[in-house]
Amino acid sequence: MLAYNIEPGETDDLSHYFYVLDSFREREIDELNWYIDDGKYDWDTFRMGAYYFYAISRLPNNHFLSAITILIVYGSMFAVIYRASRHFNICKLYLFIATYFAVSTYWYYDTASGIRNGLAFFNRFYLCLLSSC
């Protein structure tokens, strides 16, 4: 709910992403593929990000972007912590401490505002953890 109600500042990445979502809302999927092939907004580098933004642009308003991103990032974080606790047979107190530490130190607003950076960093972190467990 908090991420859904974020009003981006003028210099936040999220205000630019709202513009991108409005642009994608007017286009079809083949035009998105043209954006990717042409390298517009660096979408040739961030192909999955382009499809993610396009899928979000089909929703009724732009605020779903930060809400869904936070849901993905925190949901993945909790899944990794839970999986590691099951794998290493950690008691519930330490599971609580790890969860509390993760929630209190993870950069919430930067992830909700700088969508691509937060998802890219966390996906890399998540893949590293999965390969070691």
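Residues numbered from 1 in each chain as written. Predicted model: local features only at pLDDT ≥ 70, side-chain atom pairs only at ≥ 80, totals over all residues. Heavy atoms only, no water.

Novice: Would you explain the overall build of the protein in this entry?
Specialist: Counting secondary structure elements, the protein contains seven helices and zero strands. The order of α-helices and β-strands along the protein, N terminus first, is α-α-α-α-α-α-α. Within the protein, buried positions represent 33% of all 133 residues. The long-range fraction of contacts in the protein, counting pairs at least 24 apart against all pairs at least 6 apart in sequence, stands at 65%. Counting every atom, the protein has about 8400 Å² of accessible surface; 61% of that belongs to carbon and sulfur. (Helix = DSSP H or I, 4+ residues; strand = E, 2+ residues; numbered from the N terminus. Buried < 20%, exposed > 50% of the residue type's maximum accessible area, 1.4 Å probe, protein only. Contact = heavy atoms within 4.5 Å. Areas by Shrake-Rupley, 256 points an atom, 1.4 Å probe, with all protein chains shown as cover.)

Novice: Whenever I open this one, the nonpolar core confuses me. Can you help?
Specialist: Across soluble globular proteins, nonpolar side chains show a tendency to be buried alongside one another. Ranked by internal contacts, the top residues of the largest apolar core, which has 27 residues, are Phe24, Trp43, Phe53, Leu65 and Ile115. Elements represented by at least two residues in this core include exactly α1 (13-25), α2 (29-38), α3 (47-57) and α4 (64-87). Those residues in contact with Leu65 that sit more than four places away from it in its chain are Leu14, Tyr17, Leu21, Tyr52, Phe53, Ile56 and Ile115. (Core = buried A, V, L, I, M, F, W, Y, C linked by side-chain atoms within 4.5 Å.)

Novice: Sorry, what's going on with the side chain of Asp12 here?
Specialist: Position of Asp12 among the secondary structure elements: in the segment before α1. Of the polar contacts made by the side chain of Asp12, one reaches the side chain of Tyr109; its length is 2.3 Å. Sequence-distant contacts of Asp12, that is, excluding residues within four places in its chain, are made with Tyr109 and Ser113. (Polar contact = N/O pair within 3.5 Å; in protein donor to acceptor, adjacent residues only side chain to side chain.)

Novice: Sorry if this is basic, but what is going on with a nonpolar patch on the surface here?
Specialist: Nonpolar side chains collect at one region of the surface, where Phe88, Ile90, Leu93, Tyr94, Phe96, Ile97 and Tyr100 lie side by side and expose about 810 Å² of accessible area between them. Within the secondary structure layout, Phe88 lies in the loop between α4 and α5 (92-105). (Patch = residues over 30% accessible without salt bridge, like charges linked within 9 Å, V, L, I, M, F, W, Y side chains within 5 Å. Salt bridge = Lys/Arg side-chain N within 4 Å of Asp/Glu carboxyl O.)

Novice: Mind showing me how you'd approach a negative patch on the surface here?
Specialist: Taken together, the side chains of Asp37, Asp38, Asp42 and Asp44 define an acidic patch exposed on the protein surface. Structurally, Asp44 is set in the loop between α2 and α3. What makes Asp44 partly exposed here is its relative accessible area of 37%. (Lys, Arg positive; Asp, Glu negative; His and termini not counted. Charge placed at Lys NZ, Arg CZ, Asp CG, Glu CD.)

Novice: Mind showing me how you'd approach the pattern of salt bridges here?
Specialist: Oppositely charged side chains are able to pair whenever their charged atoms sit close together. Inspection of every chain in the model, using the stated rule, returns one salt bridge. A salt bridge links Arg25 to Asp22; its shortest N-O distance comes to 2.9 Å. Linking Arg25 with Asp22, this pair stays in helix α1, spanning three residues, or about one helical turn. Residue classification places Arg25 among the partly exposed residues on the basis of a relative accessible area of 28%. According to the relative accessible area criterion, Asp22 is partly exposed, its value standing at 35%.

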